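So the chains spell out like this:
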Amino acid sequence: MNAAPRIVSLVPSITELLIALGLRPLLVARTGFCIHPAHEVAGIPKVGGTKDVNLNKLRGLAPSHVIVNMDENRADTAEALRTFVPELIVTHPQGPQDNAGLITQLQAHFGHLPGVAARADALQRSLAQALQAARGKTWPPRRVLYLIWKDPWMGVARDTYIARMLAEVGWLSWPDALGGETGAARYPVIQGDEAWLQEIDEVLLSSEPYSFNASHLDAAQALCPRARVRLVDGELLSWYGPRAAAGLHYLMEMRGWTSSNP
């Protein structure tokens, strides 16, 4: 009989996804940022953060599978892991529809385990229904500045997962820039004197990685004088897996959609 997998997740949203798939008993390590669901992750050992993984501690746990993400983890970490991890699973969802492929990718490794396939199918259905709902409506276009950091202000490039989530409800993110698959250009710095800031319709202040709160509303309003400024749940808009469908419904509600007003 084959030994049970020993799984390490170095991606917070994928840790949550693995637990949603019923794989909590097989998780032997996580990062300190893997915080959901709190009651489930509390007993899983930490091996540092997403960018500063304690490789010696991780090696001592003898994982059979380690899951990384091209945007969240460092390339040199992934290369080091390849030297001693039997199965390194590299993920890179770039838009909400890519969650389907992510679930399928994990099924390829763990779908034979009891209950995983059924849970995966349920997540796939939920995602497909949310995408169908978002794409079944014509959304009036709006210019959006989605801020993830302050001092300096930082936004998101249009080829990020977040920007593509926003696009599902007709919110076009600014600046008009592509960041590439990895690197700092994916989260451009906003200087504050860009002409296009005067034309922004919505400013969305994310709850992560910078913890924006009501005290930041005035400064953001000064940045984009004619915009509506709102605090948003960054986890719903940037985490993959189980939050993708909920995030799409969250965006639709922000745009005024309800189940009684399709």
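If you're wondering where the values come from, they're calculated on a predicted model, not measured in any experiment.

Asker: Looking at this structure, how should I read the sheet that holds strand β2 (residues 27-29)?
Answerer: To summarise the sheet geometry, strands pair through backbone hydrogen bonds and adopt either a parallel or an antiparallel arrangement. One open sheet accounts for four strands, arranged β2-β1-β3-β4; its pairing is parallel. Only two strands of the sheet have a single partner each, and these edge strands are β2 and β4 (87-91). Averaged over all adjacent pairs, the angle separating strand axes in this sheet is 30°, with direction ignored. As judged from the two bridges shared by strand β1 (residues 7-9) and β2, these two strands associate in the parallel manner. Across the sheet, V8 pairs through a bridge with A29, a residue of β2. Running at roughly 155° to β4, helix α4 (residues 75-82) makes contact with β3 (65-69) and β4 of the sheet. The sheet contacts of helix α5 (residues 98-110) involve β1, β3 and β4, and relative to β4 the element is tilted by about 170°.

Asker: Got a minute to help me understand the environment of P225 in this structure?
Answerer: Relative to the elements of secondary structure, P225 occurs in the loop between α8 (217-223) and β10 (228-232). Here the alpha-carbon distance between P225 and E199, two residues 26 residues apart in the chain, equals 8.7 Å. P225 has contacts with L197 and Q198, leaving out every residue within four places of it along the chain.

What counts and what doesn't
Residues numbered from 1 in each chain as written. Predicted model: local features only at pLDDT ≥ 70, side-chain atom pairs only at ≥ 80, totals over all residues. Heavy atoms only, no water. Pairing = 2+ DSSP bridges. Helix = DSSP H or I, 4+ residues; strand = E, 2+ residues; numbered from the N terminus. Axes fitted to C-alpha atoms, helices over the stretch in contact; angles between N-to-C directions. Contact = heavy atoms within 4.5 Å.

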